[in-house]
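# Remarks on the overall topology
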Amino acid sequence: MQRATDEPTFATGRVIRLASLVEELGSPAAVTGRPAILAIDGRSSSGKTTLARRIEAMSLTCSAVHTDDIAWNHSRFGWADLLTEHVLAPARRGRPVSFLPPGWESHGRQGRIEVPSGCDLLVVEGVGAGRQELRPMVDAVIWVETALETAEARDLARVGTPGGARSMQNMRDWLAEERPFLGAERTWEWADAIVAGATDVAHDPTRDVVTLVISDHGGG
């Protein structure tokens, strides 16, 4: 497995029902008067969005917010203040969210980011969703780990498609910021769970996930 500089290697932990993992990390019963907040972090094309969609589909009272929407025409990684003030803070007070990000307003994008009242679980997904400055605002963090070469192949396949980079140069510019950002955050070291975004381990992909553990802590 190819690794980013100083990133650890990972070994298989266990196969677990996704519903059980969510219950362990962010059971709505663990909080009252507001949704449990679960952050899903990982490098681009690691499988974060797929995992978020699977969790969202498990319950009618789950909502997902994607940091790419917060960041749209604003900043690749300089959006933590917007997410905190306009999404996480009201959600933690048990209030509904209806947020028009500044990039949407200035570029005429329709709609708003909505989280309804009565939501039991709020999933926040994206590169940097589990960053250290947001940790006090979330209840648990999942790091989705995928081999660098696999993530890069997925990135390449998505260039020019909806949800992917607009061009090869756009992808290179993104990665030039993403790699040092993640290297500084090192979210995998203190995430509540590490989930494989691609694996050969036998499991039922409709209901299970494969968790990982750090087997060594990399080198310089």
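Up top you'll find the structure we're talking about.
These notes cover the structure that comes with them.

### Concerning the sheet that holds strand S2 (residues 36-41)
Sheet architecture is open: seven strands sit in the order S1-S9-S8-S7-S2-S6-S3, paired in mixed fashion. On the outer flanks of this sheet lie strand S1 (9-17) and strand S3 (62-66), each paired with one strand and no other. On average, each strand axis in the sheet is tilted by 30° relative to the strand beside it, whichever way the strands run. Pairing of strand S8 (residues 193-196) with strand S9 (residues 208-216) involves two bridges; the strand directions are antiparallel. Counted as the bridge partner of isoleucine 194 is leucine 212 from S9. In the packing of helix H1 (residues 18-26) onto the sheet, the strands contacted are S1, S2, strand S6 (121-125), strand S7 (140-145), S8 and S9, and the crossing angle to S1 comes to about 105°.

### Section: the packing of aromatic side chains
The final tally for this structure, using the stated rule, is three aromatic pairs. A ring pair is formed by phenylalanine 77 and tryptophan 174, whose centres lie 5.0 Å apart and whose planes are at 45°; its orientation type is tilted. A residue pair is termed long-range when its members are at least 10 positions apart, and phenylalanine 77 in the loop between helix H3 (67-71) and helix H4 (80-92) and tryptophan 174 in helix H7 (residues 168-185) qualify at 97 residues. Considered together, phenylalanine 77 and tryptophan 174 belong to a single accessibility category, that of buried residues. Measuring from ring centre to ring centre gives 5.2 Å for tryptophan 143 and tryptophan 188, while their planes differ by 70°; the resulting arrangement is edge-to-face. Placement of the pair is tryptophan 143 in strand S7 and tryptophan 188 in the loop between H7 and S8, with a sequence separation of 45 residues. By relative accessible area, which is 0% here, tryptophan 143 ends up buried. Through pairs of rings, three or more aromatic residues link up here, namely Phe77, Trp174 and Phe181. Taking NZ or CZ as reference, arginine 109 lies 3.8 Å from the ring centre of tryptophan 104, over its face. In this structure, arginine 131 is placed above the aromatic ring of tryptophan 79, and the distance from its NZ or CZ to the ring centre is 4.3 Å.

### So, the packing of helix H6 (residues 148-158) against H7
In the contact formed by H6 and H7, the axes pass within 11 Å of each other and the chain directions differ by 145°. Between H6 and H7 lies a crossing of right-handed hand. Between H6, through Leu148, Glu152, Asp155 and Leu156, and H7, the contact on the second element is made entirely by Met168, Met171, Leu175 and Arg179. For the contact of H6 with H7, the residue count by class is five nonpolar, no polar and three charged.

### Brief notes about the pairing of S7
Among the six residues of S7, six are classified as buried, and the element is accordingly described as predominantly covered. Residues Ala140, Ile142 and Val144 of S7 are buried on one face, and the alternating residues Val141, Trp143 and Glu145, pointing to the opposite face, are buried as well. In this structure, S2 lies alongside S7, joined through four bridges in parallel fashion. Note on S7: the bridge partner recorded for leucine 38 is alanine 140. Strand direction decides the pairing type here: S7 and S8, joined by four bridges, are parallel. Bridging from a neighbouring strand, glutamate 145 pairs with alanine 196 of S8.

### Here we look at unusual backbone geometry
With phi around 55°, asparagine 73 is a residue other than glycine that occupies positive phi space. Mapped onto the secondary structure, asparagine 73 falls in the loop between H3 and H4. The phi torsion at arginine 186 lies on the positive side, around 50°, for a residue other than glycine. Inspection of the secondary structure puts arginine 186 in the loop between H7 and S8. Residue classification places arginine 186 among the buried residues on the basis of a relative accessible area of 15%.

### Notes on helix H2 (residues 48-57)
Looking only at H2, the buried set comprises Lys48, Leu51, Ala52 and Ile55. Around the axis of H2, the buried residues are gathered within 100° of arc, so they sit on the same side. Residues of H2 that are exposed and point over 90 degrees away from its buried face: Thr50, Arg53 and Ala57.

Basis of the calculations
Residues numbered from 1 in each chain as written. Predicted model: local features only at pLDDT ≥ 70, side-chain atom pairs only at ≥ 80, totals over all residues. Heavy atoms only, no water. Pairing = 2+ DSSP bridges. Helix = DSSP H or I, 4+ residues; strand = E, 2+ residues; numbered from the N terminus. Axes fitted to C-alpha atoms, helices over the stretch in contact; angles between N-to-C directions. Contact = heavy atoms within 4.5 Å. Phe/Tyr/Trp six-rings, centres within 6.5 Å; stacked < 30°, edge-to-face > 60°. Buried < 20%, exposed > 50% of the residue type's maximum accessible area, 1.4 Å probe, protein only. Lys NZ or Arg CZ within 6 Å of the ring centre and 35° of its normal. Left-handed = near helix turned anticlockwise from the far one by under 90°. Nonpolar A, V, L, I, M, F, W, Y, C, P; charged D, E, K, R; others polar. Arc of directions from axis to C-beta.

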